[in-house]
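Descriptive structure summary
Below, each chain spelled out in residue letters.
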Amino acid sequence: MSRRKITIFSIPKPFNGLFQTIQLNAINSWLELTDDIILFGKDEGVAEVAKRLGLRHILHISTSKYGTPLMSDPVTLATKLARYPILAYVNCDIILLSDFVEAVTKIKLGKYLVVGQRRALNIEQQLVGTVGWRKKIETLLVLQNSRPITGGSDYFIYPNYINFPIPPFAVGRLFWDSWFMWYARSTGIPIVNATQVITAIHQQHYQGFEKHSYGELNLGEETQINLRLLGRRIYSLKVYDADYTLTEKGLVKPALTANRLIRRSEIFLMLQAQRYKIWLPLLFIVEKMRGWFIRFK
């Protein structure tokens, strides 16, 4: 398999228990796509894995008062350190296949932000790197009836000359991924939904509900901080809000359904309300209308 000129960076959790298996599966799949991978952070095992696999490792990055890595340093440093013109942040539990880098060649835009939905898979053993591992994964996807999960994105691909001045969001909490899409939309960077052509496989794991756990699902204190950094909950864009859909034949505009038309009107008002507060009352009305339409369609 030929490699592409793309730099992948990530912020692993500690390499212990199930997460050791999950993260090694993910990273080993990336190694078949590129020779430039950067791991950030000082959690258990990160330095050792980076050294053993020949990856670059940045030890010192900012953390919250609970020790959670913050996104601001890795995103800023990855732009400066990348050896290749395309950058990709990928969550460290995501297995990628060859279609990940092949998809980028289909994008004929000067600037862009590629996002996409993940597909869930239950894997509890070291699989990537074994004989026929891709075929085994394809079989598991069918057996487990895995389908793209609606919501946010577990990866972001963009040219490394685009500066994303991301605030210090706690990684693994809600809302930081929405910021990427909101910033792109508010600054005119086209958002591309690559769900149809990129198989991003999320290895299922128990997240935990501890107040400050890495990957919390409840609205704990760090998630609340992330929400304040985002600015408003309504700025929480999703993959569905992309400007383009990436298909095997290239970029296409999503079909303009009634629901999408209402959503575009809502986003337009969000952008106007961000600049001019006088638009806020109308924005609230459109939000209510969209909620009513979705409930009764």
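Notes on the structure follow. (Residues numbered from 1 in each chain as written. Predicted model: local features only at pLDDT ≥ 70, side-chain atom pairs only at ≥ 80, totals over all residues. Heavy atoms only, no water.)

**Topic: the pairing of strand β10 (residues 200-203)**
Alternating positions in β10 separate into two faces, Ala200 and His202 on one and Ile201 and Gln203 on the other, with burial throughout. When strand β5 (residues 94-96) meets β10, the two strands line up antiparallel, connected through three bridges. Across the sheet, the residue bridging to Leu96 is Ala200, located in β10. Where strand β7 (residues 119-121) lies against β10, three bridges are found, and the strand directions are parallel. From the neighbouring strand, Leu121 faces β10, where its bridge partner is Gln203. (Buried < 20%, exposed > 50% of the residue type's maximum accessible area, 1.4 Å probe, protein only. Helix = DSSP H or I, 4+ residues; strand = E, 2+ residues; numbered from the N terminus. Pairing = 2+ DSSP bridges.)

**So, the environment of Val46**
Looking at the element boundaries, Val46 is found in helix α2 (residues 46-53). As for Val46 and Ile58, which are separated by 12 residues in sequence, their C-alpha atoms are 9.6 Å apart. Once you skip the residues sitting within four places of it in the chain, Val46 turns out to touch Pro12, Lys13, Phe15, Leu39, Phe40, Gly41 and His57. (Contact = heavy atoms within 4.5 Å.)

**Re the pairing of strand β2 (residues 37-40)**
Side chains of β2 alternate between two faces, with Ile37 and Leu39 and Ile38 and Phe40 buried alike. Both strand β1 (residues 6-10) and β2 contribute to a ladder of three bridges, which runs parallel. Residue pairing in the sheet places Ile8 in a bridge with Ile37 of β2. In this view, the connection linking β1 to its parallel neighbour β2 by way of helix α1 (residues 17-31) has right-handed handedness. Across three bridges, β2 lies against strand β3 (residues 56-58) in parallel orientation. The residue of β3 that forms the bridge with Ile38 is Arg56. Following the backbone out of β2, through α2 and into the adjacent parallel β3, one traces a crossover that is right-handed. (Right-handed = clockwise from strand over helix to strand, strands pointing away.)

**Concerning the packing of helix α6 (residues 176-186) against helix α8 (residues 258-275)**
Put simply, α6 and α8 touch, their axes get as near as 11 Å, and they point 80° apart. Relative to α8, α6 is oriented roughly perpendicular. Contact residues: Trp182, Arg185 and Ser186 in α6; Ile267, Met270, Leu271, Gln274 and Arg275 in α8. When grouped by side-chain class, the residues that make up the contact of α6 with α8 number four nonpolar, two polar and two charged. (Axes fitted to C-alpha atoms, helices over the stretch in contact; angles between N-to-C directions. Parallel < 35°, antiparallel > 145°, perpendicular 65-115°, else oblique. Nonpolar A, V, L, I, M, F, W, Y, C, P; charged D, E, K, R; others polar.)

**Observations regarding the packing of aromatic side chains**
Going through the model one piece at a time under the given rule, you end up with 16 aromatic pairs. Both rings, one in Trp176 and one in Phe180, keep their centres 6.1 Å apart while their planes meet at 75°; by these two values the pair is edge-to-face. Here Trp176 pairs with Phe180, and both are found in helix α6, just four residues apart, close to one helical turn. Across this residue pair, the class does not change: Trp176 and Phe180 are buried. Aromatic pair Trp179 and Tyr183: ring centres 5.0 Å apart, planes at 15°, arrangement stacked. (Phe/Tyr/Trp six-rings, centres within 6.5 Å; stacked < 30°, edge-to-face > 60°.)

**Examining α1**
Helix length check: α1, at 15 residues, gives a terminal C-alpha distance of 22 Å against a target of 21 Å (1.5 Å per residue), a fit within 8%. Along α1, 11 of the 15 residues are buried, which leaves the element largely enclosed by surrounding structure. Residues of α1 that are buried include every one of Phe19, Thr21, Ile22, Gln23, Leu24, Asn25, Ala26, Ile27, Ser29, Trp30 and Leu31, and no others. (Expected span 1.5 Å × (residues − 1).)

**Some points on the sheet that holds β5**
Taken in spatial order, the three strands line up as β5-β10-β7 in an open sheet, and their pairing is mixed. A single partner strand is all that each edge strand has here, and the edge strands are β5 and β7. Across the sheet, the mean angle from the axis of one strand to that of its neighbour is 35°, orientation sign disregarded. Helix-sheet contacts for helix α5 (residues 133-143) involve β5, β7 and β10, and the interaxial angle to β7 is about 100°.

**Remarks on the side chain of Thr199**
One can find Thr199 in the loop between β9 (191-193) and β10. At 2.9 Å, the side chain of Thr199 and the side chain of Asp99 are in polar contact. (Polar contact = N/O pair within 3.5 Å; in protein donor to acceptor, adjacent residues only side chain to side chain.)

**Things to note about the pattern of salt bridges**
Throughout the structure, instances matching the rule amount to 10 salt bridges. Asp243 is the salt-bridge partner of Arg185, the closest N and O atoms lying 3.1 Å from each other. Separated by 58 residues along the polypeptide, Arg185 in helix α6 and Asp243 in the loop between α7 (221-230) and β11 (244-247) bring together distant segments of the chain. Comparing Arg185 with Asp243 shows no difference in burial state: the two are buried. One salt bridge connects Arg263 with Asp241, and the closest N-O pair in it is separated by 2.7 Å. Here the residue Arg263 occupies a position in helix α8, and Asp241 occupies one in the loop between α7 and β11, the gap between them amounting to 22 residues. Both residues of the pair, Arg263 and Asp241, count as buried. (Salt bridge = Lys/Arg side-chain N within 4 Å of Asp/Glu carboxyl O.)

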